[in-house]
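# What the coordinates show
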Amino acid sequence: MHGSARVSPIAAIILIVASVIGGPLATPAAAAVCETSGPGAYTVEVCFTSPTSGSTLVSDETVTVTAIVTGPSTGIAKVRFYLGSEYVLTDYESPYSFTMPTDTFVDGNYTLEAEAAMRDGFVSSRATIPVTLANGVTTPPPAPTGFTPSTGTTPAPGEPFVVSATGDGASGETNADNVASLIENTINPNLFLYLGDVYEEGTYTEFMNWYGQGVRFGAFASITNPTIGNHERSNNAWPGYDFYWGTPDPWFSYDTNGWHFINLNLSKSSEGSNSAQLAWLANDLATNNLECQVAFFHLPVLSVGPQGDNPEFNQIWQMFVDAGVDIVLTGHEHSYQRWSALDRNLNADPDGTTQFVLGGGGHGIQGFTRTDPRLAVGFDTTPAALGALKLELNAAGASYSYVNTSTTVLDSGTIGCGSPDTVAPSVPTNIAAVAASQSQIDVSWSASTDNVGVDAYSIYRDGALAGTVSGATLTFADTGLQPSTTYAYTVEAVDAAGNASGQSSPPVSETTASPPNAITFNPVADSYVDGGTAGSNFGSSAIMRVDGSPIRRSYLRFDVAGVSGAVTSATLRVYSNSSHSAGYEVQQVTDNSWGELSITYSNAPPFGPVLGASGPTTGGSYTDIDVSSYIGGNGTYSFALTALNNTNMSLASRETVNPPELIVAQDTSGNNPPTAGDVTMSTDEDVQGAWTPSV
């Protein structure tokens with residue numbers, strides 16, 4: 001279908017009415033100017049709603065279009081805007097609206113244009129309106145100058161210097177805004193490093209809108225040191241980047257809080273052989289006198305993402321290792337990757353340099369395309385991998401933690417620099433313990449300090465080790481406890497070298513709750529089944545598994561007895577060995593005849609309605625699911641735990657110290673004890689859909 005310019009139907013009706021009554025009407029609002037086109041199966045109508053056609057634009061002007069699809073399509077991917085022949089901005093989410101700084105363009109008469117790019121590759125005809133720019137600008141304004149690297153704000157006495165870093169986010173999308181909010185509200189850094197790419201082409205208009213001025217990532221502008229991304233690069237220049245930041249040198253270094261920072265322009269693989277940059281780097285490394293060093297740039301040296309490695313940077317990597325650079329921060333690949341410390345030949349070496357890939361700033365996630373034994377940790381799923389790195393810089397090293405937009409710490413640890421670590425962390429303070437239920441007490445504390453960084457915290461219950469969490473975690477859920485029982489807690493900090501702070505003193509005591517008329521049951525049978533090995537049984541395993549590929553489901557059976565009153569609530573509690581961003585669903589199983597030591601994927605009973613979902617799980621803690629709709633009183637009940645995505649989950653079985661629990665609360669005031677005959681079990685008609693075992 002060919003494009004056709006038109007005015008909106010409402011405006012046409014107004015004109016018809018005016019001609020019929022033969023007199024003037026009040027001037028109507030200007031009609032939206034639209035363009036309709038399509039590949040045949042559908043059409044997309046792009047309409048300018050502001051500014052109005054023929055407007056004179058000054059200073060900052062709001063530009064807005066609507067894009068409406070009629071007919072079946074895969075949807076709109078983005079809307080692109082142009083001023084005459086010059087590209088201006090790409091908007092990835094509706095409403096398609098932005099602020100255009102018209103005083104950065106030369107005055108004159110222009111055509112403002114917008115087109116919709118569809119997810120199937122079709123690009124619509126452009127809607128166009130004539131506009132005039134009148135700011136008194138007769139020649140292209142030069143980029144401001146005067147950029148000075150920020151050394152950040154000063155941390156509170158005794159606190160580490162906090163640096164946050166992310167890249168590949170500034171796009172105006174909700175996910176990018178979520179990452180910026182995470183940095184502001186959770187990480188709260190003293191210094192921020194933006195690792196490149198403002199979408200789609202890094203124009204000043206895109207910087208102004210998507211990076212933001214006082215908002216979005218621009219909220220940290222005063223404490224930010226940027227680096228050039230490939231999306232800012234145009235003909236070996238980066239005009240929008242220079243205009244926004246005040247023309248930084250393409251490579252620069254600075255010192256802050258006892259650390260040396262090096263920024264390189266590695267926005268293109270050929271920059272790895274840039275003789276001017278290499279000479280500058282050699283001199284900078286030779287003249288630096290600080291032991292602790294961080295380098296940051298856009299393209300990674302190594303990556304398991306779709307863009308792959310950049311061997312052109314190997315010489316630079318060798319220079320880093322030889323000079324003792326401890327940490328390298330990169331972006332470009334839309335994922336999180338932490339590589340093992342590597343030597344100058346990119347072989348694993350604990351005394352080498354550690355590279356992070358931090359492209360989860362908000363403009364989507366790219367899946368890994370290969371494996372590499374040198375990759376220590378990687379996350380490539382949406383939205384779990386979207387987030388930012390938090391570095392806590394200390395005198396002889398750094399603690400790192402990668403935090404996603406759900407504020408979950410996905411990875412953490414420490415990296416030393418300089419002499420061997422012989423200094424123990426400070427003793428944890430402000431220990432608190434609060435009863436969360438009849439079987440759980442939540443323990444919290446304030447962070448310890450260390451010359452390198454705290455690697456882990458050990459939590460002791462009544463003098464015995466109850467659990468360990470990472471150095472980035474300041475809480476611990478102590479589960480599997482007895483009701484109405486008092487426990488005493490202490491906490492100890494440990495660094496990566498094994499130096500321990502000693503336990504906090506005095507112990508903090510707390511008593512578990514005593515819910516009235518509640519009975520806790522453990523399973524009489526549990527197992528998981530595996531579609532990959534359909535004939536195997538796992539009934540004696542200490543773990544249960546849930547996964548979507550291969551299909552793995554867990555089954556649990558409880559015998560409920562001794563309930564003497566009306567059931568008021570029932571809660572299924574399952575202990576998670578691992579953290580999971582989606583969790584699992586709990587479904588009703590009507591057939592209780594399965595055997596713990598004989599159930600397999602091939603003979604497992606079907607499952608029925610969904611009773612509830614766990615939501616995100618945290619490793620080392622119980623998750624509670626309300627199953628009150630299923631439990632009617634004394635009787636036998638079976639459950640199936642099923643996957644919500646293709647990530648394997650590990651749960652504790654009844655063979656462990658943290659077995660599953662079914663907590664049944666009752667009201668005995670009416671003295672109407674239920675019996676097994678009162679329990680209504682679901683019939684086969686309740687099962688959702690036919691079930692056929694895979695073979």
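Residues numbered from 1 in each chain as written. Predicted model: local features only at pLDDT ≥ 70, side-chain atom pairs only at ≥ 80, totals over all residues. Heavy atoms only, no water.

Here we take up the overall build of the protein chain. Along the backbone of the protein chain there are six helices and 41 strands. Dimensions of the protein chain, computed from the C-alpha atoms along their principal axes, are close to 85 × 80 × 50 Å. Taking the contacts inside the protein chain whose residues are at least 6 apart along the sequence as the reference set, 74% of them involve residues at least 24 apart. Counting only carbon and sulfur atoms, one obtains 50% of the accessible surface of the protein chain, whose full area is about 28,100 Å². A gap of 7 Å separates the mean positions of the 20 positive and 65 negative side-chain charges of the protein chain. (Helix = DSSP H or I, 4+ residues; strand = E, 2+ residues; numbered from the N terminus. Contact = heavy atoms within 4.5 Å. Areas by Shrake-Rupley, 256 points an atom, 1.4 Å probe, with all protein chains shown as cover. Lys, Arg positive; Asp, Glu negative; His and termini not counted. Charge placed at Lys NZ, Arg CZ, Asp CG, Glu CD.)

What follows concerns helix α6 (residues 314-323). Among the residues of α6, those classed as buried are I316, W317, M319, F320 and V321. Taken from the residues just after α6, G324 is the one with a positive phi, measuring 80°. (Buried < 20%, exposed > 50% of the residue type's maximum accessible area, 1.4 Å probe, protein only.)

Turning to the environment of T186, a few remarks are in order. For T186, the location among the structural elements is in helix α2 (residues 174-187). Linking T186 and K390, residues 204 residues apart in sequence, is a C-alpha distance of 9.8 Å. In contact with T186, not counting residues within four places along its chain, are S181 and T407.

What follows covers the confidence of the model for the protein chain. In this model, the protein chain carries a mean pLDDT of 91, and residues with pLDDT of at least 70 account for 91%. Contacts for the low-pLDDT stretch residues 673-695, under 50 throughout, to residues beyond four places or in other chains number 39 contacts. (pLDDT = per-residue confidence, 0-100.)

Strand order across the open sheet formed by four strands is β27-β26-β29-β30, with antiparallel pairing between neighbours. What marks the edges here is a single partner per strand, and that holds for β27 (464-470) and β30 (508-511). Averaged over all adjacent pairs, the angle separating strand axes in this sheet is 30°, with direction ignored. Alignment of strand β26 (residues 454-461) against β27, held across six bridges, turns out to be antiparallel. Bridging from a neighbouring strand, Y457 pairs with V469 of β27. (Pairing = 2+ DSSP bridges. Axes fitted to C-alpha atoms, helices over the stretch in contact; angles between N-to-C directions.)

What follows concerns the nonpolar core. One finds L193, Y211, F217, F261 and L329 to be the most contacted residues of the largest nonpolar core, which totals 58 residues. Looking at this core, the element that brings in the most residues is α2, giving six residues. Excluding residues within four positions of it along the chain, L193 makes contact with V163, S164, A165, T166, N225, Y254, F261, F296 and L329. (Core = buried A, V, L, I, M, F, W, Y, C linked by side-chain atoms within 4.5 Å.)

The strand order across the open sheet formed by three strands is β24-β25-β28, and the pairing between neighbours is antiparallel. Two strands lie at the open edges of the sheet, namely β24 (429-435) and β28 (475-478), each paired on one side alone. Averaged over all neighbouring strand pairs, the angle between strand axes comes to 15°, with direction disregarded. For strand β25 (residues 441-446) and β28, the ladder comprises four bridges, and the chain directions are antiparallel. Across the sheet, residue D442 finds its bridge partner in β28, namely A477.

Turning our attention to the state of the cysteines. Under the defined criterion, the tally for this structure stands at two disulfides. What pairs with C34 in a disulfide is C47, and their sulfur atoms sit 2.1 Å apart. Across the disulfide from C34 to C47, rotation about the S-S bond amounts to roughly 110°, and the bridge is consequently right-handed. Separated by 13 residues along the polypeptide, C34 in strand β2 (residues 33-37) and C47 in strand β3 (residues 43-50) bring together distant segments of the chain. For C34, a relative accessible area of 3% puts it in the buried group. The disulfide pattern of the protein chain is 1-2, 3-4 when the bonded cysteines are numbered in sequence order. (Disulfide = S-S within 2.5 Å.)

Our next topic: α2. If you check α2, its first and last C-alpha atoms are 19 Å apart, about what 14 residues at 1.5 Å a residue would give, namely 20 Å. Restricting attention to buried positions, one finds in α2 the residues A176, V179, A180, L182, I183 and I187. Looking at the packing, one finds that the buried side of α2 touches β11 (161-166), β12 (191-194), β21 (387-394) and β22 (397-404). Within two residues after α2, N188 carries a phi angle of roughly 50°, on the positive side. (Expected span 1.5 Å × (residues − 1).)

Taken as a whole and judged by the stated rule, the model has 31 aromatic pairs. Aromatic side chains Y336 and Y402 sit 4.1 Å apart centroid to centroid with 20° between the ring planes, which places their arrangement in the stacked category. Placement of the pair is Y336 in strand β18 (residues 336-339) and Y402 in strand β22, with a sequence separation of 66 residues. Take Y402: its relative accessible area is 0%, and that puts it in the buried class. Of note, R557 hangs over the ring of W594, and the distance from its end group to the ring centre comes to 4.6 Å. (Phe/Tyr/Trp six-rings, centres within 6.5 Å; stacked < 30°, edge-to-face > 60°. Lys NZ or Arg CZ within 6 Å of the ring centre and 35° of its normal.)

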